[in-house]
Amino acid sequence: MSSPSPDALLGPADVRELAAALGVRPTKQRGQNFVIDANTVRRIVRTADVRPEDTVVEVGPGLGSLTLALLEVADRVTAVEIDDVLAAALPATITARMPTRAPRFALVHEDAMQVTELPGPPPTALVANLPYNVAVPVLLHMLETFPTIERTLVMVQAEVADRLAAGPGSKVYGVPSVKANWYAEVKRAGSIGRNVFWPAPNVDSGLVSLVRRTEPIKTTAARRDVFAVVDAAFAQRRKTLRAALAGWAGSAAAAEAALVAAGVSPQARGESLTVEEFAAIAEHRVTEGTETPGDQPDSRTDSRAYTEESRQP
């Protein structure tokens, strides 16, 4: 691998010049805050443990600050960008600043939530600066869709980072925490100051590391069924599980039976349970006669639940 030029990464003047040339004005709607500090993007790449053999997928590359830093190290980088103008401009930026690495770069112009396949070798790592309003759904979609992703590092709003990395018993432990933990070991991996972005956001940012489990959660329940329990438990998080899961189970008595069979107190609350305990509850659901409404899968449930969780104070 040939070494890129030391000034190949984007600095503050480069970012503003590119944005002006493209007529790009960062929008709150898409949570666009561009990283303007080369040291920060290199730090992100180091923290993500990106390796020379990695195929990295990046979501929301923007003007290419992090993309260029990833290309310095990884074998290949595939960027997924929804914005028409940014997607059209990025390949030219890569070619101009890192011509020797350009053949190792691929662009997918699509909504990350709709992506089901990527060009080239399967991705081994996910590294992204995710806007807070879509961070959790995008992260979970990518982890589910691409099981070859071993290591993930995302930069998100600090509050979202805290929720993702929270453990049972924490006040911010909820749907994002449990669902992320279904796939990976999750931990906070640092903080990012506001002054490395343009425009500077009015919230702090945090790094979250996710290392995929070498062995899946041991359960006979399907992921969809486990996530349905999680959604139900936190939809009414102040209620006991006996009450919160009554709709899911068909009745409070049926919920209690499933909880007892799973070895979970019916008086417990969702915020005290591990992902393994949620899986055990899903295994012990019993339905008699006709199906209850809870038996019908709702494709909107996941998105609605973790979006609501991420908005809670």
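Residues numbered from 1 in each chain as written. Predicted model: local features only at pLDDT ≥ 70, side-chain atom pairs only at ≥ 80, totals over all residues. Heavy atoms only, no water.

## With respect to the environment of V154
Part 1 of the reasoning: Structurally, V154 can be placed in strand β6 (residues 151-157).
Part 2 of the reasoning: Separated by 25 residues in the primary sequence, V154 and N129 place their C-alpha atoms 5.8 Å from one another.
Part 3 of the reasoning: Among all residues touching V154, those that are not within four sequence positions of it are A128, L130, L139, G206, L207, V208 and L210. (Helix = DSSP H or I, 4+ residues; strand = E, 2+ residues; numbered from the N terminus. Contact = heavy atoms within 4.5 Å.)

## Regarding empty space enclosed by the protein
Part 1 of the reasoning: By the definition in use, this model includes one cavity of 30 Å³ or more.
Part 2 of the reasoning: In this structure, the largest cavity encloses a volume near 30 Å³.
Part 3 of the reasoning: Lining the largest cavity are L18, L22, G62, L63, L86, A89, L90 and T93.
Part 4 of the reasoning: Elements represented by at least two residues in the lining of the largest cavity include exactly α1 (12-22) and α4 (84-97).
Part 5 of the reasoning: When residues of the lining of the largest cavity are assigned to their parent elements, the largest contribution, four residues, is made by α4.
Part 6 of the reasoning: Partitioning the lining of the largest cavity into residue classes produces six nonpolar, two polar and no charged. (1 Å grid on protein atoms, 1.4 Å probe; cavity = no way out; pocket = protein on both sides within 12 Å on 5 of 7 lines; lining within 4 Å. Points joined across faces, edges and corners; volume = space filled by probe spheres on them. Nonpolar A, V, L, I, M, F, W, Y, C, P; charged D, E, K, R; others polar.)

## Section: the pairing of strand β2 (residues 55-59)
Part 1 of the reasoning: Across the five residues that make up β2, a large majority, five, are buried.
Part 2 of the reasoning: Along β2, one buried face is formed by T55, V57 and V59 and the opposite face, lined by V56 and E58, is buried too.
Part 3 of the reasoning: Bridge count between β2 and strand β3 (residues 76-81): five bridges; the pairing is parallel. Opposite V57, over in β3, you have T78 as the bridge partner.
Part 4 of the reasoning: For the handedness criterion, the β-α-β arrangement of β2, helix α3 (residues 65-73) and β3 is classed as right-handed.
Part 5 of the reasoning: Note that β2 and strand β5 (residues 125-129) share two bridges and pair parallel. Paired with V57 across the two strands is L126, which belongs to β5. (Buried < 20%, exposed > 50% of the residue type's maximum accessible area, 1.4 Å probe, protein only. Pairing = 2+ DSSP bridges. Right-handed = clockwise from strand over helix to strand, strands pointing away.)

## So, the packing of helix α7 (residues 175-183) against helix α8 (residues 223-235)
Part 1 of the reasoning: One way to put it is that α7 packs onto α8 with a least axis distance of 10 Å and a crossing angle of 160 degrees. One element, α7, and the other, α8, form an angle in the roughly antiparallel class. As for the relative orientation of α7 and α8, their crossing is right-handed in sense. The residues of α8 that touch α7, namely those facing V175, V178, K179, W182 and Y183, are R223, V226, F227, V230, D231 and F234. (Axes fitted to C-alpha atoms, helices over the stretch in contact; angles between N-to-C directions. Parallel < 35°, antiparallel > 145°, perpendicular 65-115°, else oblique. Left-handed = near helix turned anticlockwise from the far one by under 90°.)

## Some points on the pattern of salt bridges
Part 1 of the reasoning: For the structure shown, the criterion picks out 17 salt bridges.
Part 2 of the reasoning: R42 serves as the salt-bridge partner of E72, at 2.7 Å between the closest nitrogen and oxygen. Residue E72 is found in helix α3, and its partner R42 is found in helix α2 (residues 38-47); the two are separated by 30 residues along the sequence.
Part 3 of the reasoning: Residue classification places E72 among the buried residues on the basis of a relative accessible area of 18%. (Salt bridge = Lys/Arg side-chain N within 4 Å of Asp/Glu carboxyl O.)

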